[in-house]
Every structure is written in structure tokens, then in C-alpha cells.
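What the coordinates show
Read off the chains here:
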Amino acid sequence: QVQLVESGGGLVQAGGSLRLSCAASGSIVGIRTMGWYRQAPGKQRELVATISRGGDTNYAESVKGRFTVSRDNAKNAVYLQMDSLKPEDTAVYYCHAEIFPNGGMRFRDYWGQGTQVAVSS
């Protein structure tokens, strides 16, 4: 069975940094786009950043210039380097990946369990 496991969340003061990690495990044929989403209390889940297998990135305007998404295809992993954090970045961050599992017939959406990021002022 395929799963995404993420880590790296925590509490940090405004202006600080955190690095989130997410690794896919299980029987995997291939992974297309990977990325990060977040959900703040009382708000809808929103896209933070995505990265294609070839390295093309897409960022939410609110994090552009502060966050950097990267991936290691050999490790089936995706990362989110978060710098200059602001209180409004506080949310549960979810890893996402489009994965073609072994034995499957198509790419499917997989989600991590979520990791809490809290930024204090």
C-alpha cells in the first residue's frame, strides 16, 4: 500500500524558518506532481506549492519569495523550505502526490497525514 508520511512541523516565531519533509513509500510505479497544501482553522484547504517531476514549480502568491518547494525523485520525497514565516502561515500542512501505484491502472491522489505549523508573533 502506498502512503505519504510527512514531518518537520512545529512552533516557530515570526521571521523564523521550518523545513517540511514528505516521503512516499510502498509499491510505486511512478510519481507525477508533488506538492503542499495547508488548512488554517476555519478556512478551506489551499494550495501552497507544487512541483512537477521535471522541476517546474507553482506557488501561492502569499508564499512566493519566502517558500521553496523541491523534490528528490530517487527518494520519492518532496520538501518545503519555509523562511520568513508569518503568523498567517499557521495551519496544518498536507503533503500531496499524484502516484501510479504498482498494480493500479492510473495515477491517483495521495495525501499525507498533515503536520502542524504554528507561527507566533
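None of the values given here were measured: they were computed from a predicted structure. (Residues numbered from 1 in each chain as written. Predicted model: local features only at pLDDT ≥ 70, side-chain atom pairs only at ≥ 80, totals over all residues. Heavy atoms only, no water.)

Overview of the state of the cysteines
Evaluation of the coordinates by the stated rule reveals 1 disulfide. Note that Cys-22 is cross-linked by a disulfide to Cys-95, the S-S spacing being 2.0 Å. Between Cys-22 and Cys-95 the sulfur-sulfur dihedral comes to about -80°; the bridge is accordingly left-handed. With Cys-22 in strand E3 (residues 18–25) and Cys-95 in strand E9 (residues 91–101), this pair connects stretches of sequence that are 73 residues apart. (Disulfide = S-S within 2.5 Å. Helix = DSSP H or I, 4+ residues; strand = E, 2+ residues; numbered from the N terminus.)

Some remarks on the packing of aromatic side chains
If you walk through the whole model with that rule in mind, you get 2 aromatic pairs. Note on Phe-100 and Phe-107: the rings are 5.3 Å apart at their centroids and 85° apart in plane angle, and the pair reads as edge-to-face. Seen from the ring of Tyr-94, Arg-45 lies directly overhead, with NZ or CZ sitting 3.9 Å from the centre. For Arg-45, the ring lying beneath its charged end belongs to Trp-111, and the centroid distance is 4.8 Å. (Phe/Tyr/Trp six-rings, centres within 6.5 Å; stacked < 30°, edge-to-face > 60°. Lys NZ or Arg CZ within 6 Å of the ring centre and 35° of its normal.)

Remarks on the pairing of strand E1 (residues 3–7)
Side-chain alternation along E1 places Leu-4 and Glu-6 on a buried face and Gln-3, Val-5 and Ser-7 on a face that remains uncovered. Bridge count for E1 against E3 is 5 bridges, and the pairing is antiparallel. Bridge pairing in E3 places Val-5 opposite Ala-23. (Buried < 20%, exposed > 50% of the residue type's maximum accessible area, 1.4 Å probe, protein only. Pairing = 2+ DSSP bridges.)

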